[in-house]
Amino acid sequence: MTVYFIGAGPGDPELITVKGQRLIRSSPVILYAGSLVPPEVLDGHRAECVVNTAELDLDAIVGLLSDAHARGQNVARVHSGDPSLYGAIGEQIRRLRALGIPYEIVPGVTATAACAATLGCELTLPGISQTLILTRYATRTPMPEGEALSDLARHGATMAIHLGVRHLARIVQTLTPHYGSDCPVAVVYRASWPDETRMTGTLADIEAKVGQTGIERTALILVGRVLAAEGFVDSSLYASARHREIGT
């Protein structure tokens, strides 16, 4: 028996991995985060027990996992995006280890990747930014020392900010001294879902644009010069002068 923490992807049911889909369709027990995972991700399942965990606390979830373990049944524990990023699987894993229950993590497509796709851009460009920082805005859970948004902003790297659109004004105020008011910004609501909404602008005007939509949650903020770069140099990856080994 194994608990599989499966990344369902950002929303589009076709963005789940082949392995994740196979495990969902073959596991007798499915626990899924219904507030963020569309039910279509579960299409084709043959599970005898399917539970939406949106309203359950940690004790209740671990209880269900433990019960499945006692019955010798595999569990598809389905999370949105990639479960290793803000998936709250750490505390579940800690409990499983204490109980001696095997588990495996199945990666998923991140919201950041989905946003880059819908914006039609590369997040790392030669001479512009070769670093991507994935972070969140501190609200109920404080950030560790050295990880405040102002600390990270000093790098000037491409930044993806989770759980922050409700605090966009403060984020803009923090980032502007480091990135400049003309720095491109994109706010993507529910990337890859049917009701996806994209707002693009700069640190100078993005707050007003987002304010007109009324969006206050389930949106990712992307900041960086890569979002509107044109004059970057070509990568050496496909340079004609580069020696390439041809497989036999």
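Predicted model only: the values in this text are computed from it and were never measured.

**Focus: the UniProt feature "domain: Tetrapyrrole methylase" (unreviewed entry) in the protein chain**
If you check UniProt for "domain: Tetrapyrrole methylase" (unreviewed entry), the listed places come out as residues 2–206 in our numbering. Along residues 2–206, the helical share is 29% and the strand share 21%, with 45 Å between the first and last C-alpha atoms.

**Concerning the sheet that holds strand β9 (residues 197–202)**
Working definition: the strands of a sheet are paired by backbone hydrogen bonds and lie parallel or antiparallel to each other. In space, the five strands of this open sheet follow the order β6-β7-β10-β8-β9, with mixed pairing throughout. Both edges of this open sheet fall to β6 (132–136) and β9, since each of them pairs with a single strand only. If you compare each strand with its neighbour and ignore which way they point, the axes differ by 15 degrees on average. Pairing of β6 with strand β7 (residues 158–162), which is carried by five bridges, proceeds in the parallel orientation.

**Some thoughts on the sheet that holds strand β3 (residues 49–52)**
Ordered by their spatial adjacency, five strands build an open sheet running β3-β2-β4-β1-β5, and the pairing between neighbours is parallel. In the strand order of this sheet, the two ends are held by β3 and β5 (103–106), each with one partner. Along the sheet, successive strands turn relative to each other by an average axial angle of 15 degrees, direction set aside. Across four bridges, strand β2 (residues 29–32) lies against β3 in parallel orientation. The residue of β3 that forms the bridge with Leu31 is Val51.

**Some remarks on the side chain of Ser27**
One can find Ser27 in the loop between α1 (18–26) and β2. Within the structure, Ser27 has its side chain in polar contact with the backbone oxygen of Leu23 (distance 2.7 Å). Beyond its immediate stretch of four places on either side in the chain, Ser27 contacts Ala47, Asn74, Val75 and Ala76.

**Overview of a nonpolar patch on the surface**
Together, Leu85, Tyr86, Leu132 and Leu134 make up a nonpolar patch on the protein surface, roughly 300 Å² of accessible area in all. Along the chain, Leu134 falls in strand β6. We classify Leu134 as partly exposed; its relative accessible area is 30%.

**Section: the nonpolar core**
Ranked by internal contacts, the top residues of the largest apolar core, which has 25 residues, are Met159, Leu175, Tyr179, Val187, Ile206 and Ile221. Elements that contribute at least two residues to this core include exactly α5 (149–153), β7, α6 (168–179), β8 (184–189), α7 (206–211) and β10 (219–223). Among the elements that take part in this core, α6 stands out by supplying five residues, more than any other. Excluding its chain neighbours within four sequence positions, the residues that come into contact with Ile206 are Leu168, Val172, Val185, Val187, Met199, Thr200 and Gly201. The next biggest cluster of nonpolar side chains, apart from the first, holds 16 residues, and it includes Tyr4, Tyr32, Val41 and Ala47.

Procedures and definitions
- Residues numbered from 1 in each chain as written.
- Predicted model: local features only at pLDDT ≥ 70, side-chain atom pairs only at ≥ 80, totals over all residues.
- Heavy atoms only, no water.
- UniProt positions renumbered as here; feature names shortened; annotations may be inferred.
- Helix = DSSP H or I, 4+ residues; strand = E, 2+ residues; numbered from the N terminus.
- Pairing = 2+ DSSP bridges.
- Axes fitted to C-alpha atoms, helices over the stretch in contact; angles between N-to-C directions.
- Polar contact = N/O pair within 3.5 Å; in protein donor to acceptor, adjacent residues only side chain to side chain.
- Contact = heavy atoms within 4.5 Å.
- Patch = residues over 30% accessible without salt bridge, like charges linked within 9 Å, V, L, I, M, F, W, Y side chains within 5 Å.
- Areas by Shrake-Rupley, 256 points an atom, 1.4 Å probe, with all protein chains shown as cover.
- Salt bridge = Lys/Arg side-chain N within 4 Å of Asp/Glu carboxyl O.
- Buried < 20%, exposed > 50% of the residue type's maximum accessible area, 1.4 Å probe, protein only.
- Core = buried A, V, L, I, M, F, W, Y, C linked by side-chain atoms within 4.5 Å.

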